Amino acid sequence: MGIREQENGRRHKKDAEGLAAFFREIAALHAIEQVTFLCIGTDRSTGDSLGPLTGSRLLDYGFPHVVGTLPYPCDADNLAARVASIPPGQIIVAVDACLGTLLTRGSYLAAVGPLQPAQSVGLKFPAVGHYSIAAIVDVNGPKPYHTLQTTPLHRVMIMAEQIAGAAATGFGLEAYGRFKGSSLA
């Protein structure tokens, strides 16, 4: 579920290329085997499908530890159990959709630190992630749940690919993903 845009001292707005640098910094500190991507969202809402779409693409690129894919989403119903299933000691990179302003739509908020899932739709979940990416998929308004339901799928698919591609570039896996079959089919 989407989180509300939080541009503060620790969350930095990035474009797709800025994400690759963010992931290079993570890769310099942590081996790929130590990193688990926690891709939050559901396949039942176009805006909120960013997490499962990203998770599926990360698997295509060869990342070994991904929680939250199209076949097995990490959503409001199972978030706590899915987080609890991550082995201790893993570095969690949380990915979720969020809503922002018209000027920030299509950009990313990256942070060293957690994100708060489902904040923009009024749900309360614990913050998750050692690192986080909040993808601003649409404009926040009076009906955030409706906005996520009606966000264009094409925008979300492009953003999911940008996140996964940036992670692959940062960790040196970009060539691998181009040759492996896509799990988005």
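Before going into details, it helps to say that this report is about the structure given with it. These numbers were taken from a predicted model, which means no experiment stands behind them.

## Thoughts on helix α5 (residues 153-171)
Part 1 of the argument: For α5, spanning 19 residues, the distance from its first C-alpha to its last is 27 Å, which sits close to the expected 27 Å at 1.5 Å a residue.
Part 2 of the argument: Of the positions making up α5, those classed as buried are Val156, Met159, Ala160, Ile163, Ala164, Gly165, Ala166, Ala167, Ala168, Gly170 and Phe171.
Part 3 of the argument: The positive-phi residue at the C-terminal boundary of α5 is glycine 172, with phi of around 75°.

## Remarks on the state of the cysteines
Part 1 of the argument: For the structure shown, the criterion picks out zero disulfides.
Part 2 of the argument: In this structure cysteine 74 is a free cysteine whose sulfur lies 8.5 Å from that of cysteine 39, the closest cysteine sulfur available.

## Focus on the environment of threonine 36
Part 1 of the argument: The topology assignment puts threonine 36 in strand β3 (residues 35-39).
Part 2 of the argument: A residue is classified by how much of its surface remains accessible, and threonine 36, at 4% relative accessible area, is buried.
Part 3 of the argument: Along the sequence, threonine 36 and glycine 129 sit 93 residues apart, while their C-alpha atoms lie 9.4 Å from each other.
Part 4 of the argument: Setting aside its immediate chain neighbours within four residues, threonine 36 contacts His65, Val67, Ile86, Gln90, Ile91, Ile92 and Val93.
Part 5 of the argument: At a separation of 2.7 Å, a polar atom in the side chain of threonine 36 contacts the side chain of glutamine 90.

## Quick word on the packing of helix α1 (residues 16-29) against α5
Angle between the axes and distance between the axes: these two values describe a pair of packed helices.
Part 1 of the argument: α5 packs onto α1 with a crossing angle of 40° between their chain directions and a minimal axis gap of 7 Å. Judged by the angle between their axes, α1 and α5 are oblique. The element α1 and its partner α5 pack so that their crossing is right-handed. Residues Ala16, Leu19, Ala20, Phe23, Arg24, Ile26 and Ala27 of α1 form the contact with α5, whose participating residues are Gln162, Ile163, Ala166, Ala167, Thr169, Gly170 and Phe171.
Part 2 of the argument: Here the contact of α1 with α5 is built from residues that sort into 10 nonpolar, three polar and one charged.

Rules used in this analysis
- Chains are numbered independently. Their residues run from 1 in the order of the written sequence.
- Given that this is a predicted model, residues contribute local features only at a pLDDT of at least 70 and side-chain atom pairs are listed and counted only at 80 or more, while totals for whole chains, interfaces and linings are drawn from all residues.
- The side-chain figures draw on all heavy atoms in the structure; neither hydrogens nor water molecules are used.
- Segments assigned H or I by DSSP are reported as helices when at least four residues long, segments assigned E as strands when at least two residues long, and all are numbered from the N terminus.
- Residue count minus one, scaled by 1.5 Å, sets the expected span of a helix.
- Here the term buried applies to any residue with accessible area under 20% of the maximum for its type, exposed to any over 50%, and partly exposed to those in between, with areas from a 1.4 Å probe on protein chains only.
- Criterion for a disulfide: a pair of cysteine sulfur atoms within 2.5 Å.
- Here, two residues are considered to be in contact whenever any of their heavy atoms come within 4.5 Å of each other.
- Under this definition, polar contacts are N or O atom pairs within 3.5 Å; protein pairs additionally need one hydrogen-donor-capable and one acceptor-capable atom, and for neighbouring residues in sequence, both atoms have to be side-chain atoms.
- Axes here refer to lines fitted to C-alpha atoms; in helices the fit is confined to the stretch in contact. Angles between the N-to-C directions go from 0 to 180 degrees.
- Working definition: roughly parallel below 35 degrees, roughly antiparallel above 145 degrees, roughly perpendicular at 65 to 115 degrees, and oblique for all remaining angles.
- In this scheme the crossing of two helices becomes right-handed for a clockwise turn of the near helix relative to the far one and left-handed for an anticlockwise turn of less than a right angle.
- Gly is put with the polar residues, along with every residue not named as nonpolar or charged; the nonpolar set is Ala, Val, Leu, Ile, Met, Phe, Trp, Tyr, Cys and Pro, and the charged set is Asp, Glu, Lys and Arg.

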